[in-house]
Amino acid sequence: MLTTLASVRANLRTRRHLFAGVFVAVALGVALVAVMGLGLAAAADPPPGKPERFAAQPVVVMPHDTLTVEVDRGPHRTPDSKKIPYPQPVDKELLRELADVGTVHRDHLAPDAVGVDASATAVREVVGDRAQVLTGAARRQADPSAERDAQAVVAVRAMLGTAGGVSGFVAVFVTASTFAFVVALRRREFGLLRLAGATPGHVRRQLVTEALAVGGAASATGCVLGSWGAPLLARALINNGIAPRWFTMSASNTSPQWTSWTYWTSWPFQLAFWTGLFVAVTGAWAASRRAGRIGPVEALRDADVDTDVMPWSRRIVGAALLAIGLGLTVHTLWTDPSALLKRKTYTTQPMILITAAAALAPLLVRPVLRLVRLPGAVGLLVRENATAAVRRTAAIAAPVLVTVALAGSLMGSAESVSAAKAQEASEQTQAQLIATGDDLRISRPVPGAAAVSPSASTAVFVREEGTALVRSEARAVSDPAALAATSRLPVVAGDIRRLDDRSIVVNEEWEHHRVGDRLTVWLGDGRRTTLRIAAVLARGTGDNGAYVTLANAGAAPVDRIDVRLPPDTSPSAVAGALRAATSGHDLRIRTAASWLDATHPRVKPQTRQGMLLLLGIALTYTAISLAGTQLMAASVRDGELRALRTAGATRAQVRWMIAGEALVAVAAGTALGLAVIALNLGGLAAALGRLSPTGAGVLPGLGADVVVPWGVVGGAVGLCAVVAVGAGVLGAGWGRRNGVRGGG
């Protein structure tokens, strides 16, 4: 054991250039996990904030804003709660009783909440369980910004959760690949150890001990980097409009009883540290098992030429992942194609195919390299070197593959789904003018309009299969005939003109969607009712919600008015008449095209920023991995480069050869990444095609082509090429001992 420790210390000291890449990969991965963990912790327990609306009143009374329904969970029934959009107002009787215990304060938003100048105990005795009684920081729940901030925090949690998953995926892959490459570069060393009498167990113990030392130091460094990076990420989220202005990601947003010790031992740092150490040791153990099985003569014979670069275990795992990825896509296409359009699916499912391609990279790179044809002697040497040193080539190509595939699959899926949703909305709109605002009211007929359809945004809840309370977005309309005239909804059964106060329009995604069936639903204000299905809509991209009448929308205010014009009618004249006949807050009248551009962009800014964050993480990791791989590879190529110089190659030719090898490896990774993009986006295109049923003009244009983000992919490839070439040439130019700076 003491001999092993001494050997490890000597190796860490003399092979700093090899372990530097592993150290940086682990430290960066731990930092990313720590940052995402701190963000999730902050979003899970945000600071309460200061109340604004009723800051001067000690007590606030609000209606209950959650709906709780008993559902089946295994052998027991448990409550399932959802927030309702428009709670029923505080009733007049309760307001009169509150006035007896103190002064009741209302504002223009009343009666959704009132402030009371009285003691909390007295107010609670009066209210009982008829409403919520809020005191202290909880009074902020009555502020209009509270709901917006809550939605923003949910978006932050979703984005950081996805980013954390991508970070972990990339970190594990890069760290394991880096360890495997380090072991491959030390094959001659292991051969000498075996010749000197070292057993396979000795080799494995040495590698694992080295990983413990490097991984422990790198994980601790990564935690420190994460504590520095968390406030920077929080500021970036705020500046890009993703997080609310008060959002913080540090110890300052936690309980004031936290000490510096409890901060550093909190779960984000614990998770990050032990994940980094586990990944480092696991990567070293996987590589050490193969190193320990190699005989001394075999290790010395193939130390310079790669043979058998893919163990059967890795081939089996890669093939299994490939089969699982393709099988999941086919199964989802067959059973529920709309699931491929959901963000959780198109941000996670591509990881399986990407992992499969990365695992099989050493096997796939060689056929790709055979297609390369480069002119001249240097070109021939580049091709043969890349093919012979397939481990080095695959170590460069694999992270490029991951980055290109992530960029194309994630951004391409997001842009394709957004484009399909925008096209679907355009196909469903027959109105020429659309007015939006808060609490809109039409006081008289609009001259020149063929149809006017006011509607309100609301929601309905249904107990699906008895096991979950599911919320569905809905629109409440005042005139179903006007709705039919101003829209072209994808009706597959029934007639939307038959919608009335005792019925509902649903889509095919609902568990029960047969015309005439009666459903028990809960409305947007929490009321329970039974409604008959009047019509059924196609599932589409997932934006085809339910429709009810305004009588079933509670206090939901009208926020949109669709207007259809007769032929040869001036839109500006009708817009003026509509403005004169309509009252409300923030009234805005636009053409349908302008409204669609504003409400259905190709990709929402927050979504794009989140995707760019993910890609930035992957690209940063890839750049560091490429630089480390190239520098590590250059450190063991002294003899090869010296031989080239001795054979008459000029300094420029050697550098061109190294640059060419890097470019060929990047090109191979790009080609494999594009193949993965084709598989992922191909499944999405097939899903869009299946969701475009024929006949009756239903969703006629939904089968649109997918969008490939060539700009993002090209930028990622360009950066990878610059880093790979720069690091390769720089590494080969270090020191005069490799002959690149030698004479001639």
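Just so it is clear, the model here is predicted, and its values are computed rather than measured.

Calculation rules
Residues numbered from 1 in each chain as written. Predicted model: local features only at pLDDT ≥ 70, side-chain atom pairs only at ≥ 80, totals over all residues. Heavy atoms only, no water. Helix = DSSP H or I, 4+ residues; strand = E, 2+ residues; numbered from the N terminus. Buried < 20%, exposed > 50% of the residue type's maximum accessible area, 1.4 Å probe, protein only. Contact = heavy atoms within 4.5 Å. Areas by Shrake-Rupley, 256 points an atom, 1.4 Å probe, with all protein chains shown as cover. Phe/Tyr/Trp six-rings, centres within 6.5 Å; stacked < 30°, edge-to-face > 60°. Pairing = 2+ DSSP bridges. Axes fitted to C-alpha atoms, helices over the stretch in contact; angles between N-to-C directions. Patch = residues over 30% accessible without salt bridge, like charges linked within 9 Å, V, L, I, M, F, W, Y side chains within 5 Å. Salt bridge = Lys/Arg side-chain N within 4 Å of Asp/Glu carboxyl O. pLDDT = per-residue confidence, 0-100.

## Examining the overall build of the protein chain
So, step 1. Within the protein chain, the regular secondary structure consists of 23 helices and 16 strands.
So, step 2. Counting only residues that meet the buried cut, the protein chain has 49% of its 744 residues in that class.
So, step 3. Sequence separation of at least 24 residues holds for 79% of the intrachain contacts in the protein chain that already meet a minimum separation of 6.
So, step 4. For the protein chain, the exposed surface amounts to about 33,300 Å²; the carbon and sulfur share of it is 60%.

## Structural notes on the packing of aromatic side chains
So, step 1. Per the counting criterion, the structure on display carries one aromatic pair.
So, step 2. Measuring from ring centre to ring centre gives 5.1 Å for Phe-273 and Trp-274, while their planes differ by 90 degrees; the resulting arrangement is edge-to-face.

## Focus on the sheet that holds strand 5 (residues 114-117)
So, step 1. One open sheet accounts for four strands, arranged 4-5-1-6; its pairing is antiparallel. Each end of this open sheet is capped by a strand with a single partner; those strands are strand 4 (103-105) and strand 6 (132-135). Going from strand to strand, the sheet's axes swing by 30 degrees on average, the running direction of each strand aside.
So, step 2. Pairing of strand 4 with strand 5, which is carried by three bridges, proceeds in the antiparallel orientation. Residue pairing across strands places Thr-103 opposite Asp-117, the latter belonging to strand 5.
So, step 3. Across the sheet, helix 4 (residues 120-127) is in contact with strand 1 (59-62), strand 5 and strand 6; its angle to strand 6 comes to roughly 170 degrees.

## Regarding a nonpolar patch on the surface
So, step 1. On the surface, Val-224, Leu-225 and Trp-228 cluster together to form a nonpolar patch covering roughly 300 Å² of accessible area.
So, step 2. Mapped onto the elements, Leu-225 comes out in helix 7 (residues 200-239).

## Quick notes on the confidence of the model for the protein chain
So, step 1. Per-residue confidence for the protein chain gives a mean pLDDT of 80, with 85% of residues at or over 70.
So, step 2. Low confidence marks residues 694-703, where pLDDT is under 50. Its contacts with residues over four positions away, or in another chain, come to 26 contacts.
So, step 3. Counted against residues more than four places away or in other chains, residues 735-744, with its pLDDT under 50, gives 22 contacts.

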